[in-house]
Amino acid sequence: MTVSISTMPPQIQQRYNAKLLSTPERNLIHNLFASPVELPDNQGFIDRQSRYDRLDLFPVPLDDAQNNPPSQQLNRVDVDCRVRVYATYIVLTRQVTITNEDPVLNSAAARLGQAMRETQDVLQRDNLEATASVINSVGGTNGDLPTEMSISDVDDAVAVLQGNSAEYITNMMGGENKIGTAPIGDAYACMLSTRMIPIMNNMSSGNSSFTKKFQYPNIKDTLSSEWGAVNNVRFFVSELGSVTANASADGEDVANCFIAAKEAYKVVWQAGGKARFIYLPPGYNNDPCMLRHTAGCSFYQGQCITNDLWILNLRSTMHA
Amino acid sequence: MLPYQMIAGGKFSLTTANISSGLDLVCQSQDPPDFILLKSITGWGEASDAQAIEWWWERSMAQGSAKGILQSSEGSTPQLPAMTSYTISSNGITTYDTANPPSFTALATTAITGSAGTFVVSMASTGSIAVGDYVRLYSTTGELQIAGYTFQVTAVTANVSITLGYMASAVSAGGLAAFAADATAGFVEKFIPNRMYPRYRYVAMITKATEAVVYFTEKNDFTPGEIVSFRVPSEFGMEEINNLPARVLSVTNSSTVSSITIDLDTSGFTTFVFPTSAVADAGVSPAVCVPSSSGVVPYNGSATVPQEPPGTNLQDAFDNRNVRVIHLGSGLFNVSAHTSDAEDVWMWQAYKYDSYQAF
């Protein structure tokens, strides 16, 4: 009998490559611009932060009698945010961990960490979706409502935020002597779905057009999730970006593009409840024969907007 | 694995609304149940009353389906009612978490009576839409001013129409001008909203009053004392209220009216009115009421006087209120000739398998 590769036993045909393949990991964008707040332990589970409203201006001069003017009332606004607990775990039999070639518990830890971070991101996304003020894109040409996002829509959103005294998140990136680059203005941050990439790339109006990240004069102060900028907004994309199905006037999917100013929203963590990886070896949890490992993670988180005037949901369709 | 366990259970008394629209049970475990069992406590062996007495759902079955037992009417002694096995393929038992709800197929509408201000949506098929469900309108022919809006259903006539009663009450109670013309076609899509709290609401009407009343298109979850703010584009008339904050004095969430009364004098403002369909077609943003901040709880029984000492409103804290739901559809309680009665008491149990083997 001739010996060929087809007659080799499967164990000989196959080699197990110990280098694991990459697991897709989504961009985490929704907590990037949140003000982090720590809730101390043993002080309840609702974090309250307050601000004092502006006082009225007083442009009328006192007259010659020099009477005292009326007093003003100082008004305080409170914002409450409840912290909740989140947890998940996996169970691995000891048989798996002592027979599998790659260190499966290490992979479990990595995947738990990824699931946790993506969950934290989604919680903030859903919070912004529920609470941010809604503006429809109307400057596009697809005839839907909202239309696809246009530069005029972005400019309108910037005008609204500027009109509300909202501060930019990033400073201007000055022009440099590099061909094909353009300066980037002081900017608010927009968090949106990767499905919006074609719309962003096609945005142009007059002398303005979308500046992709590779056209920035300097990319040292950028993130991998950043896609580009136009006028005074920088755009950050994620596969987890918010999309509402069939929500346009024509029944098309609508991207909820959150444009945030500084201190517009926050994320609250409990001091004693920060992200934890919890490994329990065989023998715990009603496991008298020591057959099962468990690996889990938990975190405490609350999320809320802190000033409703400083964050917008610029809705946009994604079709031509 | 955890041992096979009963992860949740309890009992409930049916109401008339439950029978017509179904009900949600909150399953506190994060695990999706593998097996759900319902038994009628009061109906089991009840004399002379044909009804369903047991339903179950198992993970291999389609969401929304259920299998059960119907008990015939029997009044003799000894009482030996016939039991009949029964299956329903929709509007039965569904389990989901509200952060990742199921989606529903859009259904066609042939008319929306906006010109009469009644907002009755004619539909040859109303599908599984029940009172209290959330729906979104789109691709309407005419009435583009509410295309893309979300509403809560206040009445259903099966396979004839649904009523968007909260919108209608903005006309009948709030004084909103009826639309110029009806929609003559379009689609209605049922959806289950995420329960991040609080949520912005579409404004259906704002009255001109010393204490304005704001009407919404669906039930609202604002609370007395909470501070809300408004985004009202000029196309809606009352643009003076745009970006203004206001304290909620009282909240109404009845079967047909969703509104809040606020401590804001809108008497001198421009009248709130929906843009025409043509204006909406040209592009307009919706009028919305957004949560702004927490406030002092009003004195009990008073719309204007703050509680003394000041009461802190903890109900309005931003929160994640998503839950795992076991939805019991109205189909369980409305089997032809075996309809359940109000105040029937049912027990329910949800189980998780230790090991599940499907062949």
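Residue positions within a chain follow its written sequence, with the count starting from 1. A letter from A marks each chain and a number from 1 marks each ligand, given out in the order of writing. With the structure being a predicted model, the display of local features is reserved for residues of pLDDT at least 70 and the display and counting of side-chain atom pairs for 80 or more, all residues being used for whole-chain, interface and lining totals.

Draft legend 1. Highlighting the overall build of chain A. Here a helix means four or more residues in a row that DSSP labels H or I, a strand means two or more in a row labelled E, and each is numbered from the N terminus. In terms of helices and strands, chain A carries five helices and 17 strands. When we talk radius of gyration, it's over C-alpha atoms, and the globule rule is simply 2.2 Å times the number of residues to the 0.38. Against the 2.2 N^0.38 benchmark of 20 Å for 320 residues, chain A shows a C-alpha radius of gyration of 26 Å, more extended than a compact globule. Here the C-beta atoms are placed from the backbone, and a residue counts as buried if at least 20 other C-beta atoms lie within 10 Å of its own, exposed if 12 or fewer do, and partly exposed otherwise. By the burial criterion, 37% of the 320 residues in chain A qualify as buried.

Draft legend 2. The arrangement of the sheet that holds strand 3 (residues 35-40) of chain B in detail. All names here are of chain B. Spatially, 1-29-3-4-5-6 is the arrangement adopted by the six strands of the open sheet, whose pairing is antiparallel. Across the chains shown, the open sheet's two edge strands, defined by having one partner strand only, are strand 1 (5-13) and strand 6 (83-88). Looking at each pair of strands side by side, their axes are set apart by 20° on average, direction ignored. As judged from the six bridges shared by strand 3 and strand 29 (residues 345-352), these two strands associate in the antiparallel manner. Within the sheet, the bridge partner assigned to Leu 38 lies in strand 29 and is Trp 348. Here, strands pair whenever DSSP counts at least two bridges between them. Between N-to-C directions, angles cover 0 to 180 degrees, with each direction set by a line fitted to C-alpha atoms, over the stretch in contact for helices.

Draft legend 3. The arrangement of the interface of chain B and chain A in detail. Placing a C-beta atom from the backbone of each residue, one calls two residues in contact when those atoms lie within 7 Å. With 38 residues of chain B in contact, the opposing surface of chain A contributes 34 residues. In terms of residue count, strand 22 (residues 288-293) of chain B provides more of the side of chain B that touches chain A than any other element does, five residues in total. Taken together, the residues of the side of chain B that touches chain A sort by class into 20 nonpolar, twelve polar and six charged. Each residue receives one of three labels: charged for Asp, Glu, Lys and Arg, nonpolar for Ala, Val, Leu, Ile, Met, Phe, Trp, Tyr, Cys and Pro, and polar for the others, Gly being one of them.

Draft legend 4. View of the domain arrangement of chain B. Residues and elements named next belong to chain B. Partitioning chain B into domains gives domain 1 (5-98 + 323-352), domain 2 (107-191) and domain 3 (196-320). Listed per partner, the contact involves 22 residues of domain 2 and 22 residues of domain 3. Broken down by secondary-structure element, the contributors of at least two residues to the side of domain 2 that touches domain 3 are strand 12 (150-152) and helix 2 (165-172). The leading source of residues in the side of domain 2 that touches domain 3 is helix 2, at five residues. Domains are outlined according to an automatic or database domain assignment.

Draft legend 5. Summary view of the environment of Val 160 of chain A. Residues and elements named next belong to chain A. When you line up the elements, Val 160 lands in helix 4 (residues 151-163). The class for Val 160 is buried, based on 20 C-beta atoms found within 10 Å. Along the primary structure Val 160 and Ala 295 are separated by 135 residues, whereas in three dimensions their C-alpha atoms are 47 Å apart.

Draft legend 6. The arrangement of unusual backbone geometry in detail. Residue Leu 145 of chain A is joined to Pro 146 of chain A through a cis peptide bond whose omega torsion reads 0°. Take Pro 146 of chain A: it is sitting in the loop between strand 5 (133-136) and helix 4. The amide bond that connects Thr 77 of chain B to the next residue, Pro 78 of chain B, takes the cis arrangement and shows omega of -5°. The phi dihedral of Glu 263 of chain A is positive, around 60°, even though this residue is not glycine. Positionally, Glu 263 of chain A belongs in the loop between strand 13 (254-260) and strand 14 (265-270). Its identity as a non-glycine residue notwithstanding, Ser 48 of chain B has a phi of 55°, on the positive side. Secondary-structure assignment places Ser 48 of chain B in the loop between strand 3 and strand 4 (51-58).

Draft legend 7. Representation of the pairing of strand 11 (residues 233-238) of chain A. All names here are of chain A. With six of six residues buried, strand 11 is to be regarded as a mostly interior element. The alternating pattern of strand 11 places Val 233, Phe 235 and Val 237 on one face and Arg 234, Phe 236 and Ser 238 on the opposite face, and all of these are buried. Relative to strand 11, strand 10 (residues 226-230) is paired through four bridges, and the arrangement is antiparallel. The partner of Gly 228 across the bridge, within strand 11, is Phe 235. The loop that links strand 10 with its antiparallel partner strand 11 comprises two residues; one of these, Asn 231, has a positive phi angle of about 45°.

Draft legend 8. Geometry of helix 4 of chain A. Residues and elements named next belong to chain A. Multiplying 1.5 Å by the helix residue count minus one yields the expected span of that helix. Across its 13 residues, helix 4 extends 18 Å between first and last C-alpha, which sits within 8% of the 18 Å expected from 1.5 Å per residue. Residues Asp 153, Val 154, Ala 157, Val 158, Val 160 and Leu 161 constitute the buried set of helix 4. Down the axis of helix 4, the buried set is contained in an arc of 160°. They therefore lie on one face. For helix 4, exposure combined with an orientation more than 90 degrees from the buried face picks out Ala 159 and Gly 163. Buried positions along helix 4 lie against strand 5, strand 6 (188-193), strand 10, strand 11, strand 13 and strand 17 (311-317). Phi turns positive, to about 60°, at Ser 165, one or two residues after helix 4. Here the arc refers to the directions that run from the helix axis out to each C-beta atom.

Draft legend 9. Spotlight on the confidence of the model for chain B. Per residue, pLDDT measures the predictor's confidence, with a range of 0 to 100. On average, residues of chain B score 92 in pLDDT, and 96% of them reach the 70 mark or higher. Of all secondary-structure elements in chain B, the lowest mean pLDDT belongs to strand 24 (residues 306-312) of chain B, at 69, while strand 18 (residues 213-216) of chain B reaches the highest, 98.

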